[in-house]
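# Structural features, examined
These are the residues of each chain, in order.
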Number of protein chains: 4
Amino acid sequence: MMTVEPNPKYPIVKVGVLGASGYTGAELVRLLASHGNAEIMLMTAEKNAGADFGSVFPQYAFGTFAKKLPKLIKIDEITPAQYEELDVLFCCLPHALTQEIVMKLPLDKVKVVDLSADFRLADVKTYATWYGHEHLCPDLQKEAVYGLTELMREQVGKARLVANPGCYPTAAQLPLIPLLKSGLILADDIIIDAKSGATGAGRAAKVGALYCEVTEGIHAYGVASHRHAPEIEQGLTGAAKKDIVVNFTPHLMPMSRGILESIYVKLAPGKSVADLRECLEKQYEDEPFVHVLPSGVAPQTRHVRGSNHVVMGIFEDRVPDRAIIISVIDNVVKGASGQALQNMNVMMGLPETMGLELAPVFP
Amino acid sequence: MMTVEPNPKYPIVKVGVLGASGYTGAELVRLLASHGNAEIMLMTAEKNAGADFGSVFPQYAFGTFAKKLPKLIKIDEITPAQYEELDVLFCCLPHALTQEIVMKLPLDKVKVVDLSADFRLADVKTYATWYGHEHLCPDLQKEAVYGLTELMREQVGKARLVANPGCYPTAAQLPLIPLLKSGLILADDIIIDAKSGATGAGRAAKVGALYCEVTEGIHAYGVASHRHAPEIEQGLTGAAKKDIVVNFTPHLMPMSRGILESIYVKLAPGKSVADLRECLEKQYEDEPFVHVLPSGVAPQTRHVRGSNHVVMGIFEDRVPDRAIIISVIDNVVKGASGQALQNMNVMMGLPETMGLELAPVFP
Amino acid sequence: MMTVEPNPKYPIVKVGVLGASGYTGAELVRLLASHGNAEIMLMTAEKNAGADFGSVFPQYAFGTFAKKLPKLIKIDEITPAQYEELDVLFCCLPHALTQEIVMKLPLDKVKVVDLSADFRLADVKTYATWYGHEHLCPDLQKEAVYGLTELMREQVGKARLVANPGCYPTAAQLPLIPLLKSGLILADDIIIDAKSGATGAGRAAKVGALYCEVTEGIHAYGVASHRHAPEIEQGLTGAAKKDIVVNFTPHLMPMSRGILESIYVKLAPGKSVADLRECLEKQYEDEPFVHVLPSGVAPQTRHVRGSNHVVMGIFEDRVPDRAIIISVIDNVVKGASGQALQNMNVMMGLPETMGLELAPVFP
Amino acid sequence: MMTVEPNPKYPIVKVGVLGASGYTGAELVRLLASHGNAEIMLMTAEKNAGADFGSVFPQYAFGTFAKKLPKLIKIDEITPAQYEELDVLFCCLPHALTQEIVMKLPLDKVKVVDLSADFRLADVKTYATWYGHEHLCPDLQKEAVYGLTELMREQVGKARLVANPGCYPTAAQLPLIPLLKSGLILADDIIIDAKSGATGAGRAAKVGALYCEVTEGIHAYGVASHRHAPEIEQGLTGAAKKDIVVNFTPHLMPMSRGILESIYVKLAPGKSVADLRECLEKQYEDEPFVHVLPSGVAPQTRHVRGSNHVVMGIFEDRVPDRAIIISVIDNVVKGASGQALQNMNVMMGLPETMGLELAPVFP
């Protein structure tokens, strides 16, 4: 939370954050605080406009970095000149509203990383089905790049509009896409049992997210109806080159940060768990953020907490021809703001890991 | 924690508890405290012999009920006369030691409810494979009754030795056995993703069970190698009348009590989720402890916390011909001490719910 | 959560609950469920009127007891006949509204236990100062009895309107009143550092009560301005026969249930910690719910969780002439619904512990 | 967890860590990972000697930084040449053993920051009284500098051996020493009610530190007998220039990291809370890590989590002439490894905040 010295080899990137009063907004600020080469020029929060960011997130009520943060304003208060001064704009707004705002932005001047779901589904009909209204800017959708960085690096590098992936889809697609592309697993029998921390529910006041309703228990929600299912299926379908429907069952559990997905797959005929391991190890061997654990070791969410890392374990099942893949991320970092920053780095030609070198916080 | 008045319609049952210093021992005492017609005659704890139970579990350091508890002694100190005075003996000892102790008990005088795994596996070879040593009393194994009360009531009622089911197997078998018996689901594609609270790890001091290692995170353990897998498979195999191997993947999460199992099954040809629901509703309609939630409602562990209830939800999957069954219990109650008491009630001809009427403790 | 058999020695008490959709309402139902001689005739919840209680608190969506609960209605829907049929009415309504409702009740027909703060402060001016509006029924205030059961048993037994004490004041006054009455501690230097679980904040959706805002941290709130301060001072002033102002500093911490108060006092000249201990032991030796731990043993909130017990420890300080008293309760039970039921029992001539025999739930 | 680029303006500091398998060891590594100008040359762990650090702390089983960590060795395996190659050695060993080890170190070659209590008490008699054995190297004690950085910066800068302060004493002394030095508060009536997270208990396997024993509850421990009391008193006595005995009551609560201390003080005659505030604001106005919140704002442990910050709030009490000071730190950072690194920076002439710029991790 101090001013980190910029690396003189790289330019200073001027960024804005729309919708800074949610957990993803706060996390962007945390990561940008240790970036060094990013300067936060504007931050919006409709309800808290006029306030200091530190009054909304008290961890920013002190410290040298915090003192330099701009006051929160309303989106309507942003002038065209302010937009044009920016290099990158992070959108952390609700869906639908996001399309309304983004369609009016000067994308030739400012690049956008959108953390909402509004530009993630390439098929606007699928979007309409799952989000309950027509897509407002289908043309813009066409140019949006799905920002699963490790698998879309090149496209992200050229994009003006990046749709930052959902948290669950990030943890699911990173292991599954390479396996499907390589034909190592069957496409029609994928079960994703996901466990998420409560930041996934956002910072809105809801009874279901109260401490007393979340602590010391677990439950499934959105069974067979969660909006991240079509997002996952879109990625897997692209990889398998055939239509895929997955079982995706998310659970809410008492932790603030973290997603663990236990993924149950069937091996393609003649394939083994060793083949799966080899495929994923090869795919990610040079990646700074994606790691495959040795045989027999199970990943834990707490070991990636606060970091942008993705850790996977691969297990042979006792059931013949089945394998278990376990994938963990911090949903607020790699599942949201960290991947957004990673995408920004790629878009701006900065080192991809800048501001994301933080070690996991355990215990 | 007070003396509950006995119900004069029923006799007083004299009970002993071997291994009372673990969590299941403490829970037995809690439930017996509100039973009314049970009197605790002896309690053992090797390391804490000589101490008051209230010095081991401070919630029993006060109150009228607590004052009447016998001092902790060593198993070796129990006299034959003391054993014979008992009606029921609860064994909460480690496996292997349990067989050693139980084989010497006067089973013609005292009935035994064993909470360990030592008499759960009918096939002593399977036992040897999974527990690492030969069964010490295979003859006794033959007469042991697997105490999944709702499905084994009659046999439990006649038993001298009841093997109280494991926590995970209880939550898995109650929904799956009726479905397999009715041929509604396929036997060869059952995936059980289980999430457990930390009492399941017991009260022994282990780094992996420390607060800082468990809070705010989740991980799988015993992947494809947990000892409850053969126990589940034994029950399902019996129901399906064909050998079954299941995927069983347990996870440790930050809660003290509770198990949630998300069970992924394939429908038998021509069968529907409505058929599954009808089967389970019919099976359990008169059961005081087992409940099927209405369509669309997902069970939560916290809503059975502290109680002997089992709650299930049944969901249609988006993947064709698949269904999701979610089952929750309190692992310390229905998954251990509560079911043990339920079995005692059945064995002694008492009302099955006696001492188990407690409402769930939420929040 | 089953129907407990009534004790034929005592009458059946017909009760109503106004404001049943909060945590104290749910807890009343939990305790009444194991009472046996209480029948819940009506329950209100303005926003959820028309719904089953089990849809608001899913732990009551199953079980025989739950099925007999009346549907939730609005207060306005209650007929005079319905009120008159009741023996006892529990009010779990917000302050101010409570006075409005209670002043219209037929108190000659139905006794009231009010869980709000509306009748706790005998001095209506103090009430106005701290609650921001004039007392609406000062005459009724005069007859209201402050229901700190152990110290007001006789008055409660004769009361028509009992003001059930606040959670913090219960834990503070039970140790302090006898000590002040006996002149063992100084009246002008009492510091109460209180730590509370999150049920104390109620079930309303507030950002500050979200899981992510409460877990893994602690903070003080209402420093030198909490409304329970005047309630505590009222009790202590009465005991000391001189005006008392206390330091009362509450903290919110990550637990659902429980209050621990660390109370720092100065000994009166010539008095010792042994004198304090003797006083409290004597005061509470025959009380079923209040317990003084042996020297050197510190009480823990988890050891009273789910129960109506109050446990105290008394410690010599290293600072000369100072003592430390630590007092724990379950804020939802002895701090609210449990004490309310205890008061009901006293008002109706039932055994005081009826429905409250539950042992603490630990772990 | 990646290699951070060194700042070419400063030298590379070669460090060793004795006792790296505890929580403070892991935290040192986390902070050093983002330091840039520190190189970890050796790490010891008696029980885990021969293992990778990542097998002890799985968050270091992956990532570029982790791969460069040296294997764990035993202390006995360290050669003199290895010691002499180091610039700074961090000792995270148990007390008593620490003195044994440190007294043999070549302090003219390698500077030591000791995180144990072994060199914190200047008076070796006090040490013997509280730690149960004679001090083994009283001469070395004389040169040890108590490393409360903000108040001892100059001495730390010249020291060969720094005794890193305890967690509780850090949070207590930073507010109290300036106030006592200025004569603003009375010396004989200081009450420190402290609440700590469970990392304070270390990583040893103890029943009392198990998840199920810590979650959802709170209790005091070491009442009037905690070893941090004399350490606090030493600092306050020095500031007040008169002997001070304090009330210090620590509590264990369910959080991994964090300490909150509610400190109750009496104002010196004629002094006001405004005077206290002015004193502390002035004392810390230029400090990067110590912050005084505006009037009326209460600090929360979660807002300093993972960071080296200290945040204080100052409150007027309703009791005349009393004030409340609330102080929060992350006990693993400012209360241990963070302050150790801060001291290293000062000792080596590096910018004091290097490696400590991390923003708090909330939520």
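Chain A is annotated in an unreviewed UniProt entry as N-acetyl-gamma-glutamyl-phosphate reductase of Porphyridium purpureum. In UniProt, chain A has this text filed under Pathway (unreviewed entry): "Amino-acid biosynthesis; L-arginine biosynthesis; N(2)-acetyl-L-ornithine from L-glutamate: step 3/4."

### Re the overall build of chain A
Across its full length, chain A carries 13 helices and 14 strands. Expected size for 363 residues packed as a compact globule is a radius of gyration near 21 Å; at 20 Å, chain A falls within 12% of this value. Projected onto the principal axes, the alpha-carbon positions of chain A cover approximately 60 × 50 × 45 Å. Sorting the 363 residues of chain A into buried and exposed places 66% on the buried side. Carbon and sulfur atoms make up 52% of the accessible area of chain A, which amounts to about 11,700 Å² in all. Averaged over its 34 positive side-chain charges, chain A has a centre that lies 2 Å from the centre of its 41 negative ones.

### Section: the pairing of strand 14 (residues 322-329) of chain B
All names here are of chain B. By the criterion of burial, strand 14 is predominantly enclosed, with eight of the eight residues buried. Sheet analysis places strand 11 (residues 259-266) next to strand 14, joined by eight bridges and oriented antiparallel. Counterpart to Val265 in the pairing with strand 14 is Ala323. By the bridge criterion, six bridges tie strand 13 (residues 310-316) to strand 14 in an arrangement that is antiparallel. Within the sheet, the bridge partner assigned to Val311 lies in strand 14 and is Val328. The antiparallel hairpin formed by strand 13 and strand 14 contains five residues in its connecting segment, where Asp321 sits at a positive phi of about 65°.

### With respect to the sheet that holds strand 8 (residues 191-196) of chain D
Residue and element names in this part refer to chain D. Within the open sheet, the seven strands sit side by side as 9-10-8-11-14-13-12. Their pairing is mixed. Every interior strand has two partners, whereas the edge strands, strand 9 (219-220) and strand 12 (290-292), have only one. Along the sheet face, helix 12 (residues 273-284) touches strand 11 (259-266), strand 12, strand 13 (310-316) and strand 14 (322-329) and points at about 165° away from the line of strand 13.

### A short note on the relation of the copies chain B and chain D
One copy of the chain maps onto the second through a rotation around an axis plus a translation along that axis. Superposition record for chain B on chain D: RMSD 0.0 Å, screw rotation 180°, translation along axis 0.0 Å. The superposition of one copy onto the other is thereby described by a two-fold rotation axis.

### Quick notes on the domain arrangement of chain A
Residue and element names in this part refer to chain A. Domain annotation for chain A reports domain 1 (13-165 + 335-348) and domain 2 (168-331). Each of domain 1 and domain 2 has a C-alpha centre, and these two points are 25 Å apart. Counting residues at the interface gives 25 residues for domain 1, matched by 27 residues for domain 2. For the pair domain 1 and domain 2, the summed buried area comes to about 2,200 Å², and 51% of that belongs to carbon and sulfur atoms. Ranking the residues of domain 1 by area buried against domain 2 places Tyr23, Trp130 and Leu151 at the top, with a combined share of 29%. For the pair domain 1 and domain 2, the interface holds three salt bridges. Between Glu27 and Arg257 there is a salt bridge; the shortest N-O distance is 2.6 Å. Here domain 1 is connected to domain 2 by 16 residue pairs in polar contact (both at pLDDT 80 or more). Those elements that provide at least two residues to the side of domain 1 that touches domain 2 are helix 1 (23-33), helix 6 (124-131), helix 8 (149-158) and helix 13 (333-348).

### Side note on the interface of chain B and chain D
You'll often see interface size given as the accessible area lost when the parts meet. Taken together, the contacts link 19 residues of chain B with 19 residues of chain D. Interface area lost by chain B to chain D is led by Leu210, Tyr211 and Cys212 of chain B, which between them contribute 42%. Counting across the interface, chain B meets chain D through two salt bridges. As a salt-bridge pair, Glu213 of chain D and Arg203 of chain B come within 2.8 Å of each other at their nearest N and O atoms.

### Considering the sheet that holds strand 11 (residues 259-266) of chain A
Residues and elements named next belong to chain A. Taken in spatial order, the seven strands line up as 9-10-8-11-14-13-12 in an open sheet, and their pairing is mixed. Looking at which strands have only one partner, the edges of the open sheet turn out to be strand 9 (219-220) and strand 12 (290-292). Pairing geometry for strand 9 and strand 10 (residues 247-252), over two bridges, is antiparallel. Within the sheet, the bridge partner assigned to Ala220 lies in strand 10 and is His251.

### Comments concerning the UniProt feature "active site" (unreviewed entry) in chain A
All names here are of chain A. Feature annotation in UniProt places "active site" (unreviewed entry) on Cys167, given in this structure's numbering. Here Cys167 lies in helix 9 (residues 167-181). Relative accessible area serves as the criterion here: at 14%, Cys167 is assigned to the buried category. Beyond its immediate sequence surroundings of up to four residues, Cys167 is in contact with His228, Ile259, Ile329, Asn331 and Gly335.

### Examining the nonpolar core
Ranked by internal contacts, the top residues of the largest apolar core, which has 212 residues, are Phe90 of chain A together with Phe90 of chain D. Filtering out sequence-adjacent residues up to four positions away, Phe90 of chain A remains in contact with Val15, Gly16, Val17, Leu18, Leu28, Val113, Leu115, Ala340, Leu341 and Met344 of chain A.

### Topic: the packing of aromatic side chains
Under the counting rule described, the total for this entry stands at 26 aromatic pairs over all chains. Both rings, one in Phe53 of chain C and one in Tyr60 of chain C, keep their centres 5.3 Å apart while their planes meet at 40°; by these two values the pair is tilted. Tyr60 of chain C sits in the buried class, given a relative accessible area of 4%. Aromatic side chains Tyr168 of chain D and Phe248 of chain D sit 5.0 Å apart centroid to centroid with 70° between the ring planes, which places their arrangement in the edge-to-face category.

### Quick word on the interface of chain C and chain D
Taken together, the contact pairs 48 residues of chain C with 48 residues of chain D. Summing both partners gives a buried area of about 4,000 Å² for chain C against chain D, and 55% of it is carried by carbon and sulfur. Of the charged contacts in the structure, one is a salt bridge between Asp189 of chain C and Arg322 of chain D, with a shortest N-O distance of 2.8 Å. Remark: the boundary between chain C and chain D carries 31 residue pairs in polar contact (both at pLDDT 80 or more). Elements with a minimum of two residues in the side of chain C that touches chain D: strand 8 (191-196), helix 10 (211-214), strand 9 (219-220), helix 11 (228-240), strand 10 (247-252), strand 11 (259-266), strand 13 (310-316) and strand 14 (322-329) of chain C. No other element matches the four residues that strand 11 of chain C contributes to the side of chain C that touches chain D.

### Looking at helix 8 (residues 149-158) of chain D
Residue and element names in this part refer to chain D. Listing the buried residues of helix 8 in full gives Thr149, Glu150 and Val156. Mapping the buried residues of helix 8 onto a view down its axis gives an arc of 55°, with all of them on the same face. Every exposed residue of helix 8 that faces more than 90 degrees away from the buried side is listed here: Glu154 and Lys158. Those residues of helix 8 hidden inside the fold are in contact with strand 6 (145-146), strand 7 (161-163), helix 9 (167-181), helix 12, strand 12 and helix 13 (333-348).

### Quick word on the relation of the copies chain C and chain D
With an RMSD of 0.0 Å, chain C superimposes on chain D once it is rotated by 180° and translated 0.0 Å along the axis. Of the interface residues in chain C, 100% have counterparts in chain D that sit at the interface too, so the contact is made through matching surfaces.

### A few points about the pairing of strand 11 of chain B
A regular strand places its side chains so that they alternate between the two faces of the sheet. All names here are of chain B. With respect to burial, strand 11 is a largely interior element, seven of its eight residues being buried. Pairing between strand 8 (residues 191-196) and strand 11: six bridges, direction antiparallel. If you follow Ala194 over to strand 11, its bridge partner there is Glu261.

### Quick word on the state of the cysteines
All names here are of chain D. Summed over all chains, the structure comprises zero disulfides over all chains. Left without a disulfide partner, Cys91 is nearest to the cysteine sulfur of Cys92, which lies 7.4 Å away. By relative accessible area, which is 0% here, Cys91 ends up buried. Left without a disulfide partner, Cys137 is nearest to the cysteine sulfur of Cys91, which lies 11 Å away. For Cys137, a relative accessible area of 7% corresponds to the buried category.

### Some details on unusual backbone geometry
All names here are of chain B. Here the bond from Phe362 into Pro363 is cis, since omega is 0°, no more than 30 degrees from zero. Residue placement: Pro363 occurs in the segment after helix 13 (333-347). At Ala96, a residue that is not glycine, the phi angle is positive and equals roughly 75°. Mapped onto the fold, Ala96 is located in the loop between strand 4 (88-91) and helix 5 (97-102).

### Side note on the pattern of salt bridges
Opposite charge on two side chains permits them to pair, given that their charged atoms come into close proximity. Residue and element names in this part refer to chain C. Here the structure, examined in full by the defined rule, presents 84 salt bridges over all chains. Note that Glu281 and Arg277 form a salt bridge whose closest N and O atoms lie 3.3 Å from each other. Note that Glu281 and Arg277 are positioned in helix 12 (residues 273-284) at a spacing of four residues, about one turn of the helix. A residue is classified by how much of its surface remains accessible, and Glu281, at 36% relative accessible area, is partly exposed. With a relative accessible area of 13%, Arg277 lands in the buried category.

Here is what the cut-offs are and how they apply
- Residues numbered from 1 in each chain as written.
- Chains lettered and ligands numbered in written order.
- Predicted model: local features only at pLDDT ≥ 70, side-chain atom pairs only at ≥ 80, totals over all residues.
- Heavy atoms only, no water.
- UniProt positions renumbered as here; feature names shortened; annotations may be inferred.
- Helix = DSSP H or I, 4+ residues; strand = E, 2+ residues; numbered from the N terminus.
- Rg over C-alpha atoms; globule rule 2.2 N^0.38 Å.
- Buried < 20%, exposed > 50% of the residue type's maximum accessible area, 1.4 Å probe, protein only.
- Areas by Shrake-Rupley, 256 points an atom, 1.4 Å probe, with all protein chains shown as cover.
- Lys, Arg positive; Asp, Glu negative; His and termini not counted.
- Charge placed at Lys NZ, Arg CZ, Asp CG, Glu CD.
- Pairing = 2+ DSSP bridges.
- Contact = heavy atoms within 4.5 Å.
- Axes fitted to C-alpha atoms, helices over the stretch in contact; angles between N-to-C directions.
- Least-squares fit on C-alpha atoms with pLDDT ≥ 70 in both.
- Domains from an automatic or database assignment.
- Buried area = accessible area lost by both parts, 1.4 Å probe.
- Salt bridge = Lys/Arg side-chain N within 4 Å of Asp/Glu carboxyl O.
- Polar contact = N/O pair within 3.5 Å; in protein donor to acceptor, adjacent residues only side chain to side chain.
- Core = buried A, V, L, I, M, F, W, Y, C linked by side-chain atoms within 4.5 Å.
- Phe/Tyr/Trp six-rings, centres within 6.5 Å; stacked < 30°, edge-to-face > 60°.
- Arc of directions from axis to C-beta.
- Disulfide = S-S within 2.5 Å.

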